[in-house]
Amino acid sequence: MSDCLFCGIVAGRIPAKIVYQDDQVVAFHDINPQAPLHVLIIPREHIATINDLGAEHEALVGRLYLVAQRIAREAGFDESGYRVVMNCNADAGQSVYHIHLHLLAGRHMTWPPG
Ligand code: 5GP
Ligand code: ZN
């Protein structure tokens, strides 16, 4: 999708501080971090929202979580804790319509989220 911000990051058209990438996934620092560590983990494939996932994406979604686990561990937050969240549509606050897992760590977080 040529007009998608995160497809632009995947393609290298838009700069980002990339922390991990493989054949299916790219992870980069959020431009407006909400915690000392705030990384977005996205599929290279353009998928607009969770509602657009199908059975063919089952392994891909699992990989997003394994990449989050790896980044959290390498940053030293696996024991202290971290939050992984994906927003879907307006009420959840989704603002970029290319699915992304938020990895947040480095501070105490409250529940429920706002
Ligand atoms: P959402 O609100 O859709 O769950 O999350 C979108 C996230 O993308 C936000 O946390 C926002 O700060 C981040 N973001 C928006 N534009 C850019 C950008 O150009 N570069 C990076 N690295 N992050 C962005
Ligand atoms: Zn996209």
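Rules behind the numbers
- Residues numbered from 1 in each chain as written.
- Chains lettered and ligands numbered in written order.
- Predicted model: local features only at pLDDT ≥ 70, side-chain atom pairs only at ≥ 80, totals over all residues.
- Heavy atoms only, no water.
- Donors = N, O, S within 2.8 Å, 3.2 Å for Na, K, Ca; no water.
- Tetrahedral: all angles 85-135°; square planar, octahedral: opposite > 155°, others 65-115°.
- Helix = DSSP H or I, 4+ residues; strand = E, 2+ residues; numbered from the N terminus.
- Buried < 20%, exposed > 50% of the residue type's maximum accessible area, 1.4 Å probe, protein only.
- Polar contact = N/O pair within 3.5 Å; in protein donor to acceptor, adjacent residues only side chain to side chain.
- Contact = heavy atoms within 4.5 Å.
- Near = heavy atom within 4 Å.
- Nonpolar A, V, L, I, M, F, W, Y, C, P; charged D, E, K, R; others polar.
- Phe/Tyr/Trp six-rings, centres within 6.5 Å; stacked < 30°, edge-to-face > 60°.

J.: Can you break down the coordination of the zinc ion (ligand 2) residue by residue, with the values?
T.: For the zinc ion (ligand 2), every protein donor is listed as Cys 4 (SG), Cys 7 (SG), His 46 (ND1) and His 98 (ND1), and the spread of their distances is 2.0 to 2.3 Å. Viewed at the metal, the four donor atoms of the zinc ion (ligand 2) are separated by angles of 106 to 116°, and the geometry they form is tetrahedral. Positions of the donor residues of the zinc ion (ligand 2), expressed as sequence spacing, correspond to C-x2-C-x38-H-x51-H. Of this pair, Cys 4 sits in the segment before α1 (5-11) while His 46 sits in the loop between β3 (37-43) and α2 (58-74), placing them 42 residues apart in sequence. Its relative accessible area of 9% is what places Cys 4 among the buried residues. With relative accessibility at 23%, the residue His 46 sits in the partly exposed group.

J.: Just give me the short version of the side chain of Thr 49, but keep the residues and values in it.
T.: Relative to the elements of secondary structure, Thr 49 occurs in the loop between β3 and α2. A relative accessible area of 6% places Thr 49 in the buried class. A distance of 2.9 Å separates a polar atom in the side chain of Thr 49 from the backbone nitrogen of Asn 51. Among residues more than four places away in sequence, those in contact with Thr 49 are Cys 88, Asn 89, Gln 94, Tyr 97 and Ile 99.

J.: Any chance you could break down the site of ligand 1 for me, citing the residues and the numbers?
T.: Neighbouring residues of ligand 1: 15 residues in total, closest Asp 30, Asn 87, Gly 93, Ser 95 and His 102. Take Asn 87: an N or O atom from its side chain is 2.8 Å from an oxygen atom of ligand 1. Among the elements of the structure, α1 and β2 (25-29) are those that each provide at least two residues to the shell around ligand 1. Looking at the shell around ligand 1 residue by residue, the classes come out as six nonpolar, eight polar and one charged.

J.: Run through the packing of aromatic side chains, naming residues and quoting values.
T.: On inspection of all chains with the given rule, the structure shows one aromatic pair. Here the aromatic rings of Phe 6 and Phe 28 are separated by 5.3 Å at their centres, their planes lie at 75°, and the arrangement is edge-to-face. One end of the pair, Phe 6, is in helix α1; the other, Phe 28, is in strand β2, with 22 residues separating them in the sequence. Using a relative accessible area of 5% as the deciding quantity, one classes Phe 6 as buried. Phe 28 gets classed as buried once you look at its relative accessible area, which sits at 3%.

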